[in-house]
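Results of the structural survey
Read off the chains here:
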There are 2 protein chains.
Amino acid sequence: MLQLRDLPSVEVLKKFAARYPVADVTAISSFLHLLRVASDLSIALDACLSRHGLLQGRWWVLILLMREGNKTSTPSLLAEKAGVSRATMTGLLDGLERDGLVARVFDDEDRRRLSIRLTDAGQQKLDDVMPDYYARLRACMAGVDENARQQLEATLMNINAGLVAFNTEVRS
Amino acid sequence: MLQLRDLPSVEVLKKFAARYPVADVTAISSFLHLLRVASDLSIALDACLSRHGLLQGRWWVLILLMREGNKTSTPSLLAEKAGVSRATMTGLLDGLERDGLVARVFDDEDRRRLSIRLTDAGQQKLDDVMPDYYARLRACMAGVDENARQQLEATLMNINAGLVAFNTEVRS
DNA sequence: TTGATATAGTTAGCTAACTAACTATTAAGC
DNA sequence: GCTTAATAGTTAGTTAGCTAACTATATCAA
């Protein structure tokens, strides 16, 4: 994702809007700030996870497994839920298996299938990471009250609904 | 950035909060939705730019150059403002120069330095891309009124301020 | 003035993502 | 039942980012 260190000032936005009249200045500003804060959050999350020897992809796989009652899933399902390709999931599972955090179990009923199981070591890793992650996240969001959080989620839902328009709208 | 296709339901969040008492459920929910919408926006932006033969990194370089009065900057400054390493900027400029969108101009005063100039073709590329991008963005944000946009920016500023806590807070 | 240090840009090699193609297995249609 | 198509997982090769190291140039201090 784009890093966007140097967001445009109001003057710059106006200059661009003068050349491109379709520009919606507050829309652009909100959009860029959203991307900027999200990428900063993502980088902070990476830093937190890396102190525990994890990256976002592997961490998310462990969480997805813990969500399941039997701490078990399949590579395809995990790939879909994590939003990565099956090929990428193979790589993530290779790393997690090497570290002993998950186990590949062959399925006798459908021999194409694997079961991926969260090991005790994997659960222990989550028990180390999650309190640290949650405490940091709580501190980060401490300045945003419940009302603002609800408004944020509502606005994000509206933007999400507008994404269809972003992708399909023909050129002005 | 993490894709997060399958965000946790309220039940899942409560289950995790029961095991990890430090969890702040609405903070987690807001955080994950923010990352999710931002990555979807980033992907939509990529799709828009790729129709014009651009990617986020190169597109941003062109914009940074257009912002300058003389349409000129240096690789180091561009790298800093775009939030990428100087090495990455070298690669971005290689591609842009190959496509004739920017020109490398050697500096006679300081022979370590290069000037990077937006060419006429580069300006033309922006004149093609920006109206399309701005029109899509306007449509995407149409469902978010001015008040919500202001609140969004204010909340994002508060989260941004909290990022320091995310990075420095010691483990609970 | 000249030797150490800092700066600008590039190159080399690494990583984690991707797509496309491949193997093995199962399901479905005639 | 056999052939075709679909599915599960992996492998191979590409990409855009990174860090570290390198070359060339400029600056500073003894």
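In what follows, the accompanying structure is described. (Residues numbered from 1 in each chain as written. Chains lettered and ligands numbered in written order. Predicted model: local features only at pLDDT ≥ 70, side-chain atom pairs only at ≥ 80, totals over all residues. Heavy atoms only, no water.)

Another aspect to go through is the environment of Leu77(B). All names here are of chain B. For leucine 77, the location among the structural elements is in helix H4 (residues 75-82). Its relative accessible area of 40% is what places leucine 77 among the partly exposed residues. Sequence separation between leucine 77 and leucine 64 is 13 residues, and the spatial gap between their C-alpha atoms is 9.7 Å. (Helix = DSSP H or I, 4+ residues; strand = E, 2+ residues; numbered from the N terminus. Buried < 20%, exposed > 50% of the residue type's maximum accessible area, 1.4 Å probe, protein only.)

Take the interface of chain A and chain B next. With 89 residues of chain A at the contact, the number on the chain B side is 89 residues. At the junction of chain A and chain B, the tally comes to six salt bridges. Two residues, Asp6(B) and Arg67(A), come together in a salt bridge whose shortest N-O distance is 3.4 Å. Our count for the chain A to chain B interface comes out at 36 residue pairs in polar contact (both at pLDDT 80 or more). Where the side of chain A that touches chain B is concerned, the elements lending two or more residues are helix H1 (10-19), helix H2 (25-50), helix H3 (56-67), helix H4 (75-82), helix H6 (120-140) and helix H7 (146-168) of chain A. Per element, the largest residue contribution to the side of chain A that touches chain B is 20 residues, and it comes from H2(A). When the residues that make up the side of chain A that touches chain B are grouped by side-chain class, the tally is 47 nonpolar, 21 polar and 21 charged. (Contact = heavy atoms within 4.5 Å. Salt bridge = Lys/Arg side-chain N within 4 Å of Asp/Glu carboxyl O. Polar contact = N/O pair within 3.5 Å; in protein donor to acceptor, adjacent residues only side chain to side chain. Nonpolar A, V, L, I, M, F, W, Y, C, P; charged D, E, K, R; others polar.)

Turning to unusual backbone geometry, a few remarks are in order. You will see that Lys71(A), though not glycine, has its phi angle at about 55°, which is positive. Looking at the element boundaries, Lys71(A) is found in the loop between H3 and strand E1 (72-73).

In this arrangement, two copies of a chain are superimposed by a rotation about an axis accompanied by a shift along the axis. Once chain A is rotated about the relating axis by 180° and shifted along it by 0.0 Å, it coincides with chain B to within an RMSD of 0.0 Å. What the rotation and shift describe, once combined, is the action of a two-fold rotation axis. Take the interface residues of chain A: 100% of them recur as interface residues in chain B, which is what a same-surface contact looks like. (Least-squares fit on C-alpha atoms with pLDDT ≥ 70 in both.)

Attention now moves to the protein's contact with DNA strand D. If you check the shell around DNA strand D, you find 21 residues, and the closest are Pro75(A), Ser76(A), Arg86(A), Arg112(A) and Thr88(B). Of what DNA strand D places within 4 Å of the protein, 63% of the atoms are sugar or phosphate. Thr88(B) is positioned with one of its side-chain polar atoms (N or O) 2.2 Å from a phosphate oxygen of DNA strand D. Between DNA strand D and the protein, one listed contact pairs a base oxygen with a side-chain N or O atom of Arg112(B) at 3.4 Å. (Near = heavy atom within 4 Å.)

All names here are of chain B. Compared with an ideal rise of 1.5 Å per residue, which puts 12 residues at 16 Å, helix H3 (residues 56-67) spans 16 Å between its outermost C-alpha atoms and is within 8% of the ideal. Among the 12 residues of H3, 10 are classified as buried, and the element is accordingly described as predominantly covered. Within H3 the residues assigned to the buried category are Gln56, Trp59, Trp60, Val61, Leu62, Ile63, Leu64, Leu65, Met66 and Arg67. (Expected span 1.5 Å × (residues − 1).)

Let us look at the sheet that holds strand E3 (residues 114-118) of chain A. Residues and elements named next belong to chain A. The antiparallel open sheet is built from three strands, whose spatial order is E1-E3-E2. With one partner strand each, in any of the chains shown, E1 and strand E2 (102-106) form the two edges of the open sheet. Contacting E1, E2 and E3, H3 runs over the sheet at an angle of about 95° to E3. Across the sheet, helix H5 (residues 86-98) lies against E2 and E3, angled at about 115° from E2, the strand it touches most. (Pairing = 2+ DSSP bridges. Axes fitted to C-alpha atoms, helices over the stretch in contact; angles between N-to-C directions.)

Residues and elements named next belong to chain B. Taken in spatial order, the three strands make up an open sheet running E1-E3-E2, and their pairing is antiparallel. At either end of the open sheet lies a strand with only one pairing partner, and these are strand E1 (72-73) and strand E2 (102-106). Relative to strand E3 (residues 114-118), E1 runs antiparallel, the two being bridged by two bridges. Residue pairing in the sheet places threonine 72 in a bridge with arginine 117 of E3.

Counting 115 residues, the largest nonpolar core has Trp59(A), Tyr133(A), Trp59(B) and Tyr133(B) as its most contacted members. When residues of this core are assigned to domains, at least three map to each of domain 1 (1-50 + 161-172) and domain 2 (54-140) of chain A. Those residues in contact with Tyr133(B) that lie beyond four places of it in its chain are Ile28(A), Phe31(A), Leu32(A), Phe166(A), Leu45(B), Cys48(B) and Trp59(B). (Core = buried A, V, L, I, M, F, W, Y, C linked by side-chain atoms within 4.5 Å. Domains from an automatic or database assignment.)

Let us now look at the pattern of salt bridges. Residue and element names in this part refer to chain A. Evaluated as defined, the whole model comprises 28 salt bridges over all chains. Between arginine 149 and glutamate 146 there is a salt bridge whose closest N-O contact spans 3.5 Å. Of this pair, arginine 149 and glutamate 146 both sit in helix H7, separated by three residues, roughly a single helical turn. When its relative accessible area of 6% is taken as the criterion, arginine 149 is described as buried. Under the relative-accessibility criterion, glutamate 146 is labelled partly exposed at 41%. Taken together, the shared-partner salt bridges in this structure form one network comprising Arg5, Arg36 and Asp40.

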